[in-house]
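Residue strings, one per chain:
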Amino acid sequence: MTITLHPGTVSLKQLETIYWTGEPARLDASFDAGIAKAAARIAEIAAGNQPVYGINTGFGKLASIKIDSADVATLQRNLILSHCCGVGAPLPENVVRLIMALKLVSLGRGASGVRLELVRLIEGMLERGVIPVIPEKGSVGASGDLAPLAHMAAVMMGEAEAFFAGARLSGHVALEKAGLKPVVLAAKEGLALINGTQTSTALALAGLFRAHRAAQAALITGAMSTDAAMGSSAPFHPDIHTLRGHRGQIDTAASLRALLEGSVIRQSHIEGDERVQDPYCIRCQPQVDGACLDLLRMVARTLETEANAVTDNPLVLSDNSVVSGGNFHAEPVAFAADQIALAICEIGAIAQRRIALLVDPALSYGLPAFLAKKPGLNSGLMIAEVTSAALMSENKQMSHPASVDSTPTSANQEDHVSMACHGARRLLQMTDNLFSIIGIEAMSAAQGVEFRAPLSTSPELQKALTAIRSAVSTLDLDRYMANDLQAAGDLIATGALNASVSRGILPVLEA
């Protein structure tokens, strides 16, 4: 099913669907007139003698050099080819799809001055699965994501490389096999394609969607760890969180209560446990994970705004003037990425402490050491916990803010940059780490709950336990563990654990 985009009001949900499912996207036809009007204005300027940046001048530090009208098409082609300077592995295909959809939204606002031909080509590439090979590194997140977006634009010209039908092909061959024709760029079109924050924004959105999925899963594993440790649900009482007032904390506590409702293990704690308080990793889940949820929701608003923004330069304004500005500077995205990184780090940190609690017989209230059925002869989950600590530490190291690390570029013309692109790109690795941490908690909590038999967990957590056991069997004796950790991490990454509980229990991501 093709998703129809209305630039200016594209929703976070639409973008999330494109990211997770790979659905193609196209602009609503009502935006064609505005796009064509701006293109006509650019063509008019290109035919005249008055120098206007990016249309008939050089770029950046070379902006003072006037370009003859006969060389405008060559100027645009040279711009794209010279800016294809990305290095590193290709970005994931679902990220590139999101980049292309975001570029459609930006061009669709009718301020960029490109012809409809370019819009139709991007739509056709999304529909038929021509995915440009975009190297992951090379953008500093200002003056647009120049290098990565140039690799996208080059494929539209029949250059560079693209993935199509499972093969990595030249851009020309990929378009030809898909039944599409390359474009010859007209005035300003190359600049419109590569000036913009779409790569940074797509990566930040991917990080956001993945972090939220992990945050939801952490509530399931956190509730299960609470039951496994025979912890108290009293700290999740709604009045406690209403008295503080933070929405994320209130919503998180409500999820934990719903997940634990009906647990016989929990009831046994209420009736016979003399412990007064649990460690913070159990007791303060609403305060920590709730604050992370609030942070992700705040970031979602920023990124939804940016996804609907026009971020190239210069822009065709409502009075038909063409004005050079700086919307390509990705500072809002850089800040958003830094905040997502903090949330990822903290969700993993508190989850790791719950794992550590469950494997430590001094803390786990009667569970065997390392959750092994025969400790000593078996090491159980000893090193799985160590791996979770290693991943937590790695995320801490990557959580340093990228947005404060500006450096001058382009002969000091672009003398302050956002570093949004790699600030957002690290979120993919950080969320991979987080999926594994929460997967290890799922294994640990499931093992712990099973040790509480004949006492049973809640109906909702039993559904989650069944999902975990469909991926990873009970650890009776030591065995090769790497495959189990991979399967548990995949259970989190795919959203399968979240899908195992009833709809409406887990807090949603709202822009």
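Right above here is the structure, for reference.
Counting restarts for each chain: residues are numbered from 1 in the order of the written sequence. Two thresholds apply to this predicted model, a pLDDT of at least 70 for residue-level local features and 80 or more for giving and counting side-chain atom pairs, whereas whole-chain, interface and lining totals are computed over all residues. With hydrogens and water stripped out, all remaining heavy atoms of the structure feed into the side-chain values.

Participant: Report on the environment of methionine 157, specifying residues and quantitative values.
Facilitator: Secondary structure counts use DSSP, requiring at least four H or I residues in a row for a helix and at least two E residues in a row for a strand, with both numbered from the N terminus. Mapped onto the secondary structure, methionine 157 falls in the loop between α6 (146-156) and β6 (161-164). Between the alpha carbons of methionine 157 and isoleucine 80 there is a distance of 9.1 Å; along the sequence they are 77 residues apart. Discounting chain neighbours no more than four positions away, the residues touching methionine 157 are Arg77, Ile80, Leu81, Pro182, Val183 and Leu185. Only heavy atoms matter for contacts: two residues are in contact if any of them lie within 4.5 Å across the pair.

Participant: So what's going on with the pattern of salt bridges? Which residues, and what values?
Facilitator: Put simply, a salt bridge is a Lys or Arg side-chain nitrogen that is within 4 Å of an Asp or Glu carboxyl oxygen. Per the counting criterion, the structure on display carries 20 salt bridges. Linking glutamate 117 and arginine 115 is a salt bridge whose minimum nitrogen-to-oxygen distance equals 3.1 Å. The partner of arginine 426 in a salt bridge is aspartate 338, with the nearest N and O atoms 2.4 Å apart. Note that arginine 426 is positioned in helix α17 (residues 420-451) and aspartate 338 in helix α15 (residues 331-359), a separation of 88 residues in sequence. For each residue, the accessible area found with a 1.4 Å probe, counting protein chains only, is set against the maximum for its type, and the residue is called buried under 20%, exposed over 50%, and partly exposed in between. Of the residues examined, aspartate 338 reaches a relative accessible area of 8% and is grouped as buried. Through salt bridges with shared partners, a single network forms among Arg26, Asp32, Arg120, Glu123 and Glu127.

Participant: Hey, could you go over the sheet that holds β6 for me, with residue numbers and the actual values?
Facilitator: Two strands qualify as a pair provided that DSSP identifies no fewer than 2 bridges between them. A sheet is described by the order of its strands in space; here 3 strands give the open sequence β4-β6-β7, paired in antiparallel fashion. The sheet terminates laterally at β4 (131-132) and β7 (167-170), the two strands that pair on one side only. Pairing geometry for β6 and β7, over 4 bridges, is antiparallel. Counterpart to phenylalanine 163 in the pairing with β7 is arginine 168.

Participant: Which residues make up the packing of helix α9 (residues 198-228) against α15, and what are the values?
Facilitator: A fitted line through C-alpha atoms serves as each axis, taken over the contacting stretch for helices, and the angle formed by two N-to-C directions is quoted from 0 to 180°. Their axes nearest at 10 Å, the elements α9 and α15 cross at an angle of 20°. If you check the angle between α9 and α15, you find them roughly parallel. By crossing handedness, the relation of α9 to α15 is classed as left-handed. Here Ser200, Thr201, Ala204, Gly207, Leu208, Ala211, Ala215, Ala218, Thr221, Gly222, Ser225 and Ala228 of α9 come into contact with α15, specifically with Val333, Ile340, Ile344, Ile347, Arg354 and Leu358. Charged residues are taken to be Asp, Glu, Lys and Arg, nonpolar residues to be Ala, Val, Leu, Ile, Met, Phe, Trp, Tyr, Cys and Pro, and polar residues to be all remaining types, Gly included. Grouping the amino acids of the contact of α9 with α15 by side-chain chemistry returns 11 nonpolar, 6 polar and 1 charged. In what follows, roughly perpendicular refers to angles from 65 to 115 degrees, roughly parallel to angles under 35, roughly antiparallel to angles over 145, and oblique to any angle outside these ranges. For a crossing to be left-handed, the near helix must be turned anticlockwise from the far one by less than a right angle; the clockwise case is right-handed.

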